[in-house]
Structure formats: C-alpha cells, structure tokens
Amino acid sequence: MTDLTSFIAGLPKAELHVHHVGSASPRIVAELAARHEGSSPVPADPELLAKYFEFRDFAHFIEIYLSVVDLVRDDEDVRLLTYEIGRELGRQNVRYAELTVTPYSSVRRGIAATAFCEAIEDARSSAARDFGVDLRWCFDIPGEAGLPAAEETLRISLEERPDGLISFGLGGPEIGVPRPQFKPYFDAARAAGLHSVPHAGETTGPETIWDALRDLGAERIGHGITAAQDERLMAHLAEHQIPLEVCPTSNLRTRAVADLDEHPIARLIAAGVPVSVNSDDPPMFGTTLEQEYATAARLLNLDATGVADLARAAVRHSFRSADGKATLLAEIDAYTKAQG
Ligand SMILES: O=c1[nH]cnc2c1ncn2[C@@H]1O[C@H](CO)[C@@H](O)[C@H]1O
C-alpha cells in the first residue's frame, strides 16, 4: 500500500452520502439472491454481478438498483443488510455515517413499516456495539415513484420516527421529476425537526439545485455537481456555506460525467463551495469510501494533510451533535499527529 493509501485506511472518517441497498456488497447480494433462489435477475456470482453493475446511463442504473431492492423481501433481509453495511464501514474506520434509506421501496414490497424500522434500529445498535460505527438515517423519497411515495415516506418518518432518523431526502432520477412538487412534504419534515438533504444537480442542471434550495429548504445537496455550470449558484453556496455531498466515481459510472479528469470537484472547491467526499453506492460502482478519498486526493492534488481536511469537512457538514463532532474531529487530529 502507498503511504497515502494506508493513511486514508486508518483515518477516522464520516460518510454523509451512501445508500442502504446501494451498499449491498456482492457477498450480501449473493446471500439475499440465495435466500430467494431463482426469482431474481440479479446474479449471485461476484464476477457476473460486477458485469451486471455496468450501467449504460443513469436510467439504467436506477433499473438495476431497483432489481437489487427486490432482493430485500423481509425484515430479516433488512437486518442482515444493515448490519453488514456497519461491518464494512467499520472496516474502513468510518466512525459516523448518515445512511440514505428508502422505506417506501421496501414497504411497497410488503415489509411493514414498523418491522422495517425495528430491523434497521436493531442493526444500528449492533453496529455501534460490534463495529464502533454510529449510524444515522436519512429517509428519502424515491423520486420516480412521485407524490404517493412522498406521502408514504413522510408518514413513516413522522409516525415511526426511529431513533436514528435525522434527515429527509429525495433520490432517484431528476429528469422528469421536478423538485417543487415535493415542497409540502419537505416543509412538514423540516417542521418536525428533520434536516433537508435532497439530491439535485446530479443528472440535471443548476436550476434543479436552485429549486432544491428555494422549495425544499435544502441544508445540503446530494451531488450538486452541476452547480459548477453557474457562477452565481457557486457564489451562493459558498456565501451561505451550503455543502455538496460529492461522489466522484458514482458520477463516472452513471455517466453523469464522461471522465473523472473532467469532474468539477476542483472547480467547486476553488469557488469556496463546501464539499464532502462520499461513495454513494460503493459495491455498485466498484469503489469504497477509502477509494473515493484516494480519487479526490488525485483530482485535488492533496497530501495527507489535505486528505485529513476532507475528513474534517465531512464531520463539520454532518448533522451529528456538537459533542459528537468534537469527539470525531479530536480523533482525526490525534491520528494525523500520530502519523507525523
Ligand atoms: O446516485 C443516486 N442518485 C439518485 N438516487 C439514488 C442514487 N443512488 C441510489 N439511489 C436510490 O435510487 C432509488 C430510486 O428509487 C432511491 O431509493 C435512491 O435512494
């Protein structure tokens, strides 16, 4: 391993943009596929699965993503998936993660909302105990399912209100899914004390980010990389310190950017836009959070000090308590000091 690679591996980290089903490792996908033998197009073989996770475009990615969602059939599957995500995050020295979970997609497939929330909460307690990972939830609306999904996601958020729930989001395709229609649901979620973190500016232009800010009260933006096309928007994000959750390899693999060397992350940071680095759907994109840090280091020409600052930024942009942030920032300081 290179020095920087081993530095990144040991660095205490926080992850703010990583999806629940999108984090199902090939081993977990194989286990879920085996549980529901023969009734899914998702291959159990790791090599076939790697091929299956090659996407023609974003719409194709969503289609494949939903075929993996179909493998999560009961609360035992939910518990297994969530606990194993905790194991993988712990392996990478992720101490805190805000996991984007889409209860609507599982409830629609027959898992009762209460059982779903009990399963993720069980896994959250076990992951904290066994792996030292503090998991929190963002419940997101799968945008392609429209207002019925918004209604149900808000209902589950407010009525079930699992202890780990801290934010409310909007995922899925942006094309054909205008943000303003979801304003009433974000208003209600924010009024109930949930943070607003919709996706925007991943596969559509800066206007979607403006909509998310104006209509959804976005406190952070999922992806938001097309802000780089709008100087006024970048100045606004910088002035109001509204962070973008950037996921470089995701953007490459869903064809949101043609080439990593054209990724706008450097332009965004140069304009003063707060940025955290995240993995989004790591096994689907053949990456890990550690690899995303290494990619960001290459694109931003960072040394270990710069990489540690990426981790500090993620902690600062998180919705963790002030004490929780201070603890993790102190851990990062102690680690970087010990590395010399
Ligand atoms: O990069 C992404 N952009 C948008 N949605 C995503 C992404 N990764 C995973 N999802 C998930 O895709 C589902 C669509 O129904 C949603 O659950 C959303 O969370």
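Refer to the structure above for everything that follows.
Below: a short report on this structure. (Residues numbered from 1 in each chain as written. Predicted model: local features only at pLDDT ≥ 70, side-chain atom pairs only at ≥ 80, totals over all residues. Heavy atoms only, no water.)

## Notes on the pairing of strand 4 (residues 165–171)
Within strand 4, seven of the seven residues are buried, leaving the element largely enclosed by the surrounding structure. Where strand 3 (residues 134–142) and strand 4 come together, six bridges link them in parallel fashion. Its bridge partner being in strand 4, Phe139 is matched across the sheet by Phe168. Between strand 3 and its parallel partner strand 4, the chain crosses via helix 8 (residues 146–160), and the hand of that crossover is right-handed. Of the strand pairs in this sheet, strand 4 and strand 5 (residues 195–196) are connected by two bridges, and their pairing is parallel. Opposite Phe168, over in strand 5, you have Ser196 as the bridge partner. (Buried < 20%, exposed > 50% of the residue type's maximum accessible area, 1.4 Å probe, protein only. Helix = DSSP H or I, 4+ residues; strand = E, 2+ residues; numbered from the N terminus. Pairing = 2+ DSSP bridges. Right-handed = clockwise from strand over helix to strand, strands pointing away.)

## Quick look at the packing of aromatic side chains
We describe a pair of aromatic rings using the distance from one ring centre to the other and the angle between the two ring planes. Per the counting criterion, the structure on display carries 10 aromatic pairs. Measuring from ring centre to ring centre gives 6.1 Å for Tyr52 and Phe53, while their planes differ by 45°; the resulting arrangement is tilted. Neither Tyr52 nor Phe53 differs from the other in exposure class; each is buried. Between the aromatic rings of Phe61 and Phe285, the centroid separation amounts to 5.2 Å while the plane-to-plane angle is 40°, which identifies the pairing as tilted. (Phe/Tyr/Trp six-rings, centres within 6.5 Å; stacked < 30°, edge-to-face > 60°.)

## Here's the deal with the nonpolar core
Among the nonpolar cores identified, the biggest contains 107 residues, and Leu11, Leu213 and Tyr293 are the most heavily contacted of them. Take this core: its biggest share by element is seven residues, from helix 4 (residues 58–69). What Leu11 contacts, discounting residues up to four positions off in sequence, is Gln92, Asn93, Tyr293, Val307, Ala308, Ala311, Ile332, Tyr335 and Thr336. (Core = buried A, V, L, I, M, F, W, Y, C linked by side-chain atoms within 4.5 Å. Contact = heavy atoms within 4.5 Å.)

## Notes on the packing of helix 7 (residues 113–131) against helix 8
Two elements in contact, helix 7 and helix 8, have axes separated by 11 Å at closest approach and are oriented at 65°. Once helix 7 is placed against helix 8, the crossing between them reads as right-handed. In this structure, helix 7 contributes Ala113, Thr114 and Cys117 to the contact, and helix 8 contributes Arg155, Ile156 and Glu160. Split into classes, the residues belonging to the contact of helix 7 with helix 8 amount to three nonpolar, one polar and two charged. (Axes fitted to C-alpha atoms, helices over the stretch in contact; angles between N-to-C directions. Left-handed = near helix turned anticlockwise from the far one by under 90°. Nonpolar A, V, L, I, M, F, W, Y, C, P; charged D, E, K, R; others polar.)

## Structural notes on the side chain of His263
With respect to the helices and strands, His263 occurs in the loop between helix 12 (248–253) and helix 13 (265–270). On the basis of relative accessibility, which here comes to 7%, the residue His263 falls in the buried class. Contacts of His263, omitting those with residues within four sequence positions, involve Ile225, Val246, Pro248, Asn251, Val257 and Leu299.

## Focus on the sheet that holds strand 4
With respect to topology, five strands assemble into an open sheet ordered 1-2-3-4-5, the strand pairing being parallel. At either margin of the open sheet sits one strand with a lone partner, and together these are strand 1 (13–19) and strand 5. Strand direction decides the pairing type here: strand 2 (residues 94–101) and strand 3, joined by six bridges, are parallel. Bridging from a neighbouring strand, Tyr96 pairs with Asp134 of strand 3. The strands that helix 8 touches are strand 3 and strand 4; relative to strand 3, the one it contacts most, it runs at about 150°. Sheet strands in contact with helix 14 (residues 289–300) are strand 1 and strand 2, and its direction is about 105° off that of strand 1.

## Some words on the site of the ligand
Inspection of the region around the ligand gives 17 residues, with Thr102, Asp140, Glu144, Asp280 and Asp281 positioned closest. Taking 420 Å² as the accessible area of the ligand by itself, protein coverage stands at 100%. Sorting the residues of the shell around the ligand by element identifies helix 4 and strand 3 as the ones contributing at least two each. For the shell around the ligand, the class distribution of residues is six nonpolar, six polar and five charged. (Near = heavy atom within 4 Å. Areas by Shrake-Rupley, 256 points an atom, 1.4 Å probe, with all protein chains shown as cover.)

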